[in-house]
Amino acid sequence: MVRSIPLSLFLLGLVTVIFVAAKAPEIIENHTWSPAQTPETTTPAETPSNIELVVNPPSDVGVEVAFNES
Amino acid sequence: MKVSLRKAILLYLVAYIVVFSVFYLHNIVFTETVIYESTIIVGDNIGFDLNKTALTFGMITAGGTSASRDIIIAEADYLRSVEIYSNGEIAKWLVVPTNSFVLQPNTNKTVGFSVAVPSDIELGKYDGAVKIKLMRTC
């Protein structure tokens with residue numbers, strides 16, 4: 001008995017296989033690496049004068065405060 | 001319309017091998033990777049390390065920020081996409097202004113790395129590495 005699958009299922013599988021194959025070299029190369037950290041930018045959602053705090057690096061004491069009058 | 005399961009599996013296998021090979025070769029041919037060993041010593045005073053072949057930060061105190069070190073990415077005559085990765089013990093303390101950017105042809109760029117270690121870690125030497133991937137885009 002020859003088993004078969006619908007064409008749509010076959011194409012879906014083919015797209016998945018191609019996607020995985022395209023990503024695999026990058027995943028293999030970077031599996032022990034993570035993107036280097038960048039300074040965190042925090043924008044408070046609701047502040048009356050739209051204050052933006054930029055801390056660089058995360059544990060540094062330096063804080064830039066930008067006031068934007070609106 | 002239906003496709004034989006045997007043929008489907010064979011086609012999946014061929015498609016995987018072809019696509020994987022193309023992307024793998026593309027990575028080898030069009031990507032330049034530079035890896036810098038990186039070291040920091042957490043001690044009770046401050047010391048500098050002027051090693052220019054590795055990304056070394058010398059000795060800093062726990063809870064302090066070390067002097068940053070710069071890496072200069074040399075120019076090339078084509079457009080490149082740059083990604084910066086890190087690993088090892090110091091990866092979580094290492095900070096760069098940006099870890100992904102595009103470098104225009106015939107321009108170089110200085111990337112500043114700095115390290116900020118927490119105050120509650122033990123004194124000692126911590127290692128890691130930084131990888132810079134330069135991908136030729138066209």
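For clarity, every value in this text was computed on a predicted model and none was experimentally measured. Along each chain, numbering runs from 1 in the same order as the chain's sequence is written. For naming, the first written chain is A and the first written ligand is 1, with later ones following in the order written. The predicted origin of the model limits local features to residues at a pLDDT of at least 70 and limits the giving and counting of side-chain atom pairs to 80 or more, whereas totals for whole chains, interfaces and linings rest on all residues.

Considerations on the interface of chain B and chain A
So, step 1. Contact between two residues is assigned when their C-beta atoms, built from the backbone, lie within 7 Å. Each partner contributes residues to the interface: chain B has 32 residues there, and chain A has 29 residues.
So, step 2. Of all elements in the fold, only strand S1 (2–4), helix H1 (5–30), strand S5 (80–88), strand S6 (94–95) and strand S9 (124–136) of chain B reach the threshold of two or more residues within the side of chain B that touches chain A.
So, step 3. Ranked by residue count, the leading element in the side of chain B that touches chain A is H1(B), at 11 residues.
So, step 4. Here the side of chain B that touches chain A is built from residues that sort into 22 nonpolar, 8 polar and 2 charged.
So, step 5. Pairing geometry for strand S2 (residues 34–35) of chain A and S5(B), over 2 bridges, is antiparallel. When the bridges of S5(B) are listed, Pro35(A) appears paired with Tyr85(B). Only runs of H or I of at least four residues qualify as helices and only runs of E of at least two qualify as strands under DSSP, and these elements are numbered from the N terminus. Residues were grouped as follows: Ala, Val, Leu, Ile, Met, Phe, Trp, Tyr, Cys and Pro as nonpolar; Asp, Glu, Lys and Arg as charged; and all remaining residues, including Gly, as polar. At least two bridges found by DSSP between two strands are what make those strands a pair.

Points about the confidence of the model for chain A
Residues and elements named next belong to chain A.
So, step 1. Scored from 0 to 100, pLDDT records how confident the predictor is in each individual residue. When pLDDT is averaged across chain A, the result is 73; 53% of the residues are at 70 or more.
So, step 2. The lowest-confidence element of chain A is strand S3 (residues 40–42), averaging 51 in pLDDT; the highest-confidence one is helix H1 (residues 7–30), averaging 93.
So, step 3. In the model, residues 41–49 has pLDDT below 50 throughout and makes 7 contacts with residues more than four positions away in sequence or in other chains.

Points about the nonpolar core
So, step 1. Core membership is restricted to buried Ala, Val, Leu, Ile, Met, Phe, Trp, Tyr and Cys residues, and these are joined into a nonpolar core through C-beta atoms within 7 Å. Counting other C-beta atoms within 10 Å of a residue's C-beta gives its exposure: the residue is buried at 20 or more, exposed at 12 or fewer, and partly exposed in between, where C-beta atoms are placed from the backbone. Counting 20 residues, the largest nonpolar core has Leu94(B) and Val115(B) as its most contacted members.
So, step 2. Of all the secondary structure elements, the ones that give two or more residues to this core are strand S2 (31–43), strand S3 (55–61), S5, S6, strand S8 (109–115) and S9 of chain B.
So, step 3. For Leu94(B), the contacting residues outside a window of four places in its chain are Ala36(A), Gln37(A), Ser86(B), Phe113(B) and Val115(B).

Digging into the packing of H1(A) against H1(B)
So, step 1. For the pair H1(A) and H1(B), interaxial distance at closest approach is 8 Å and the crossing angle is 30°. Judged on the interaxial angle alone, H1(B) and H1(A) are roughly parallel. For H1(A) against H1(B), the interelement crossing comes out right-handed. Facing Phe10(A), Gly13(A), Leu14(A), Val17(A), Ile18(A), Ala21(A), Ala22(A), Ala24(A), Pro25(A) and Glu29(A) of H1(A), the residues of H1(B) in contact are Ala8(B), Leu11(B), Tyr12(B), Ala15(B), Tyr16(B), Val19(B), Phe20(B), Phe23(B), Tyr24(B) and Asn27(B).
So, step 2. Residues that form the contact of H1(A) with H1(B) fall into these classes: 17 nonpolar, 2 polar and 1 charged. Axis definition: a line fit to C-alpha positions, over the contact stretch in the case of helices; interaxial angles, taken between N-to-C directions, run 0 to 180 degrees. Oblique is the label for any angle not covered by the other classes, which are roughly parallel (under 35 degrees), roughly antiparallel (over 145) and roughly perpendicular (65 to 115). Left-handed describes a crossing in which the near helix is turned anticlockwise from the far one by less than a right angle; the clockwise case is right-handed.

Observations regarding the sheet that holds S6(B)
Residue and element names in this part refer to chain B.
So, step 1. Pairing within the open sheet is antiparallel, and its 3 strands lie in the order S4-S8-S6. For this open sheet the edge positions go to strand S4 (69–73) and S6, each flanked by a neighbour on one side alone.
So, step 2. Both S6 and S8 contribute to a ladder of 2 bridges, which runs antiparallel. In the strand pairing of S8, valine 95 is matched with serine 114.

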